[in-house]
Amino acid sequence: VTIGKLVAHNVTVEGITRWNANMPLGGILGLAPSSMHTRRRSIAPSAKESNLSLLDALLQTGTLRENAFTVCLSPSKNGTLILGAMPTSLLKSAWFVPYDDQFGLYEVDIARIRIGNTTVFVKQPLEPPPPPPPPPRWPRRQLDNTKPPAIVVGVLDSGSNSIVMPRNIKNAFAKAFQREVCLTWPRRWRSGGVATFACSSESNLQFLFDGYVLSGKASQYVDDLPPLTLELEGGRNLHVPATSYLVEMDDEGTQRALSIVDIESAATRAMIILGAPMMENYAVLFERQEKRVGFVWQPNCPSS
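Residues numbered from 1 in each chain as written. Predicted model: local features only at pLDDT ≥ 70, side-chain atom pairs only at ≥ 80, totals over all residues. Heavy atoms only, no water.

Brief notes about the overall build of the protein chain
Link 1 in the chain: Scanning the protein chain for helices and strands turns up 8 helices and 18 strands.
Link 2 in the chain: Looking at the protein chain as a whole, 46% of its 304 residues are labelled buried.
Link 3 in the chain: Contacts in the protein chain between residues at least 24 apart in sequence constitute 67% of all its contacts with a sequence separation of at least 6.
Link 4 in the chain: Surface summary for the protein chain: the accessible area is close to 16,500 Å², and the carbon and sulfur share equals 51%. (Helix = DSSP H or I, 4+ residues; strand = E, 2+ residues; numbered from the N terminus. Buried < 20%, exposed > 50% of the residue type's maximum accessible area, 1.4 Å probe, protein only. Contact = heavy atoms within 4.5 Å. Areas by Shrake-Rupley, 256 points an atom, 1.4 Å probe, with all protein chains shown as cover.)

Laid out in structure tokens, this is it:
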């Protein structure tokens, strides 16, 4: 693998050099935590392949000295990927939180999710499991997964072009959006745009949250809408502006669609994939030696 003057030999870049339906993916950049590749090795071992990711291989050979990388995406211009030492210009204004990589992912704990001032999710303490019930005399009803789970973690993933939520979290987000945007008075949005369309009927709101494309006037005045805010453990906030969670679908800016998709609901512990809609608003600094990740809001991405 060659990146500019950096060369790494005999590495596994999941999804490109190797694929197995039973193994987790480490990302096409090979920058997943080292634990991802250890897990991959235990699931699908191969004597012909290295157990090193791209970044680990560069560190082992001494090509890189610091176990870190920085991703700086930009919605309007080229972004930057920096391997090794983190830029001083970003470190000065970055704030950091710890991450957990026991499952081979960069996970951060989420304490609260809100849209504007309306709460979508609040972390709940885990209660001890109840004693097992006696065997039922009739078919047992399935677990109700319509309520949000007790714990939600955010997975930082630059390879996802959406924010991915469990269905019960997305449903709660849709209800909170309706309360925050449609039921507040006085209205804080201009007439004729996304808010007017979404709030005019339940079917229109469902149309928006089902991911259909809004065109013409119905796609306008997105910046009137409130941001999606993810409060991390420790009180720091990640913000996703409406212009990021309602993404442009054409070059003219006359079409938009929701960039939040759902997966199967989770009852206890859920993951939210924080892809490009969040990451395009930050420089994200992965300090792997200390297992912490830093964020800088709307930076000027360094060129090197």
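A look at the packing of aromatic side chains
Link 1 in the chain: All chains considered together, the criterion is met by 12 aromatic pairs.
Link 2 in the chain: Relative to Phe286, the ring of Phe69 lies with its centre 4.4 Å away and its plane at 10 degrees, an arrangement referred to as stacked. You can see Phe69 sitting in strand 3 (residues 68–72) and its partner Phe286 sitting in strand 17 (residues 282–287), a full 217 residues away along the chain. The exposure classification of Phe69 matches that of Phe286, with both residues buried.
Link 3 in the chain: Geometrically, the ring pair formed by Phe173 and Tyr245 is edge-to-face, given 6.1 Å between the ring centres and 90 degrees between the ring planes. Remark: Tyr245 occurs in helix 7 (residues 242–245) and Phe173 occurs in helix 4 (residues 167–182); sequence separation between them is 72 residues. Considered together, Phe173 and Tyr245 belong to a single accessibility category, that of buried residues.
Link 4 in the chain: Cluster of aromatic residues (ring-pair linked, three or more members): Phe69, Tyr99, Tyr106 and Phe286.
Link 5 in the chain: Residue placement shows Arg292 over the ring face of Phe96; its charged tip is 3.8 Å from the ring centre. (Phe/Tyr/Trp six-rings, centres within 6.5 Å; stacked < 30°, edge-to-face > 60°. Lys NZ or Arg CZ within 6 Å of the ring centre and 35° of its normal.)

As for the confidence of the model for the protein chain
Link 1 in the chain: Overall, the prediction assigns the protein chain a mean pLDDT of 82, with 79% of residues at 70 or greater.
Link 2 in the chain: The secondary-structure element of the protein chain with the lowest mean pLDDT is helix 1 (residues 34–43), recorded at 55, while strand 12 (residues 237–240) shows the highest, at 97.
Link 3 in the chain: Note that pLDDT drops below 50 for residues 15–26; the model gives that stretch 29 contacts with residues more than four away or on any other chain.
Link 4 in the chain: Note on residues 138–144: pLDDT is under 50 here. Beyond four places in sequence and across chains, it has 3 contacts. (pLDDT = per-residue confidence, 0-100.)

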